[in-house]
Amino acid sequence: MLRAVNRAVLPKKYGGKYTVSLIPGDGIGAEITDSVKTIFKDQNVPIEWEIVDVSGLENAGGCGITEAVDSLKRNKVGLKGILHTPTTGKSLNVALRKELDIYASLVLIKNIPGVKSRIDGIDFALVRENTEGEYSGLEHQSYPGVVESLKIMTRFKSERIAKFAFDFAKKNNRELVTAIHKANIMKLGDGLFRQTVKDVGQDYPGIKVNDLIVDNASMQAVAHPQQFDVLVTPNLYGTILSNIGAALIGGPGLVPGANFGREYALFEPGCRHVGLSIKGKNSANPTAMILSSAMMLRHLGLNDHADRIASATYEVLSDGQVRTPDIGGSNTTTEFTDAILAKLN
Ligand SMILES: *[C@@H]1O[C@H](CO)[C@@H](O)[C@H](O)[C@H]1NC(C)=O
Ligand SMILES: *[C@@H]1O[C@H](CO)[C@@H](O)[C@H](O)[C@H]1NC(C)=O
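As recorded in an unreviewed UniProt entry, the protein chain goes by the name Isocitrate dehydrogenase [NAD] subunit 1, mitochondrial, listed as coming from Diutina rugosa. Entered under Subcellular location (unreviewed entry) in the UniProt record, the comment concerning the protein chain runs "Mitochondrion". Taken verbatim from the UniProt record of the protein chain, the Subunit (unreviewed entry) comment is "Octamer of two non-identical subunits IDH1 and IDH2."

Listed below in structure tokens is the structure:
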């Protein structure tokens, strides 16, 4: 796992415990983070949660984004569900990433044994730039009925996301980094991204570099995803491809993810679905959140805990006896969590 933060600088509490910000978020967030809390408690994982109840829903109460930012600034590490983004009004998810400059999103798309998928042999990492591109938030109506949306691409941010992708590839023995772009049309912006990834690749002689136009990449993703190893993308293409990737391996409930900055790391399901429609039904699949929490434990150097919890989760999935509705079962979130606890003990 790539470590964007030097572990030595992480604030540790008296008694060797780490304090971690926990942002359950909207929709199924409370249920799937409860699952993680239960498992961590059972396993005596040396973590103390600082719970931040922020919501993207109107009139939800709770605290605002400032509290979430402050908490993460204190603790440097967080676990997070997804915050609802209204069609009108700004995205708190984006605000949080921008405010803390957590620029790299990492999503792992891999078949899970025991979970039916359309295609086997899928194992790729998606590295997405989180802070600029299409998500710059610079839109205005210059004249009624005429809107300008600015997509910002910079060499600085393209370079640092490319470095992140190559460092990740190097540390994880991956062989190929593919830049995803639309440089045939957006010649300057996406051209800069594509060229920068190629340039940065020169510093990593063991790793191959190529590039794919996002249209073709989408087709390749559903036809021959086995060819992908590490994909590096600007903001919008990354979120689209992570959703395609989730569908390939069984759905958003299975895909873990993380966001890294120079100082902060925020772990959250990789395919950012809020799940408002199944909220409170005890039917959500907590796998994505549990595996994200295992990534978090590795980030904190708690590898034994991470391995045990991830293995137990994979075992329950491969046994196939207890499964949530999203992957064809009829068990509850609680039953699934209990099955993991049973494996652990
Ligand atoms: C589309 O992707 C495939 C596989 O990566 C590649 O062989 C092909 O040349 C690409 N086509 C275009 C038009 O880029
Ligand atoms: C899981 O669901 C199956 C099928 O409905 C059921 O037979 C089984 O008892 C459930 N498992 C648990 C642990 O509740």
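Next comes the rest of the write-up.
Draft legend 1. Geometry of the nonpolar core. Judged by nonpolar contacts, the single largest core of 86 residues is most densely connected at I47, V177, V232, F267, M296 and L300. Shared between two domains, this core holds at least three residues of each, these being domain 1 (9-105 + 253-344) and domain 2 (117-249). The residues contacting F267, other than those within four sequence positions of it, are V77, G78, L79, K80, G257, A258, F260, S292, M295, M296 and H299. Counting 13 residues, the second largest nonpolar core, distinct from the first, contains V52, A68, L100 and I102.

Draft legend 2. Structural detail: a nonpolar patch on the surface. A surface patch of nonpolar side chains, amounting to about 220 Å² of accessible area, comprises L138, L150 and I152. L150 sits in the partly exposed class, given a relative accessible area of 39%.

Draft legend 3. Geometry of the site of ligand 2. Surveying the vicinity of ligand 2 reveals the residues S330, N331 and E335. Side-chain polar atom of N331 to an oxygen atom of ligand 2: 2.5 Å apart, as the coordinates give it. The side chain of E335 places a nitrogen or oxygen atom 3.3 Å from an oxygen atom of ligand 2. Within the complex, 39% of the 360 Å² of free accessible area of ligand 2 lies under protein.

Draft legend 4. Structural detail: the pairing of strand β3 (residues 47-51). In terms of strand pairing, strand β2 (residues 17-23) meets β3 through 5 bridges, oriented parallel. Bridged to Y18 within β3 is I47.

Draft legend 5. Here's a closer look at the site of ligand 1. Every residue lining ligand 1 is accounted for by L212, N216, Q220 and Q227. N216 places a side-chain nitrogen or oxygen 2.4 Å from an oxygen atom of ligand 1. Within the side chain of Q220, a nitrogen or oxygen atom sits 3.2 Å from an oxygen atom of ligand 1. Relative to its free-state accessible area of 360 Å², ligand 1 is covered by the protein chains to the extent of 38%.

Draft legend 6. Structural view of unusual backbone geometry. In this structure, K76 is a non-glycine residue whose phi angle is positive, near 70 degrees. With respect to the helices and strands, K76 occurs in the loop between α2 (65-75) and β4 (77-80). One non-glycine residue with positive phi stands out, namely D101, at about 50 degrees. Relative to the elements of secondary structure, D101 occurs in the loop between α3 (92-99) and β5 (104-110). With relative accessibility at 29%, the residue D101 sits in the partly exposed group.

Draft legend 7. Just the confidence of the model for the protein chain, in detail. Looking at the protein chain, the pLDDT average stands at 91 and 94% of residues meet or exceed 70. Below pLDDT 50 for its whole length, residues 1-5 participates in 22 contacts with residues either more than four positions away or in separate chains.

Draft legend 8. Layout of the packing of aromatic side chains. Applying the stated criterion across every chain yields a total of 6 aromatic pairs. Ring centres of F124 and F228 lie 5.5 Å apart, and the angle between their planes is 85 degrees; on these two criteria the pair is classed as edge-to-face. On the criterion of sequence distance, the pair formed by F124 in strand β6 (residues 123-129) and F228 in the loop between α6 (214-223) and β11 (230-233) is long-range, its members being 104 residues apart. Given the relative accessible area of 5%, F228 is considered buried. With a centroid separation of 5.7 Å and an interplanar angle of 90 degrees, the aromatic rings of F260 and F267 are classed as edge-to-face. Across the pair, F267 and F260 agree in class, each one buried. Within the aromatic cluster, the residues linked to one another by ring pairs are Y103, F164, F260 and F267.

Draft legend 9. Representation of the side chain of Q43 within the structure. Inspection of the secondary structure assignment puts Q43 in the loop between α1 (29-42) and β3. What makes Q43 buried here is its relative accessible area of 10%. Engagement of the side chain of Q43 in a polar contact is seen with the side chain of D42, the distance being 2.9 Å. Discounting residues that sit within four places of it in the chain, Q43 has contacts with H305, R308, L344 and N345.

Draft legend 10. Broad picture of the environment of P113. Looking at where P113 falls in the secondary structure, it is placed in the loop between β5 and β6. A residue is classified by how much of its surface remains accessible, and P113, at 55% relative accessible area, is exposed. Taking the C-alpha atoms as reference points, P113 and I249, separated by 136 residues in sequence, lie 10.0 Å from one another. Those residues within four positions of P113 in sequence are excluded, and the remaining contacts are L317 and S318.

Analysis parameters
Residues numbered from 1 in each chain as written. Chains lettered and ligands numbered in written order. Predicted model: local features only at pLDDT ≥ 70, side-chain atom pairs only at ≥ 80, totals over all residues. Heavy atoms only, no water. UniProt positions renumbered as here; feature names shortened; annotations may be inferred. Core = buried A, V, L, I, M, F, W, Y, C linked by side-chain atoms within 4.5 Å. Buried < 20%, exposed > 50% of the residue type's maximum accessible area, 1.4 Å probe, protein only. Domains from an automatic or database assignment. Contact = heavy atoms within 4.5 Å. Patch = residues over 30% accessible without salt bridge, like charges linked within 9 Å, V, L, I, M, F, W, Y side chains within 5 Å. Areas by Shrake-Rupley, 256 points an atom, 1.4 Å probe, with all protein chains shown as cover. Salt bridge = Lys/Arg side-chain N within 4 Å of Asp/Glu carboxyl O. Near = heavy atom within 4 Å. Polar contact = N/O pair within 3.5 Å; in protein donor to acceptor, adjacent residues only side chain to side chain. Pairing = 2+ DSSP bridges. Helix = DSSP H or I, 4+ residues; strand = E, 2+ residues; numbered from the N terminus. pLDDT = per-residue confidence, 0-100. Phe/Tyr/Trp six-rings, centres within 6.5 Å; stacked < 30°, edge-to-face > 60°.

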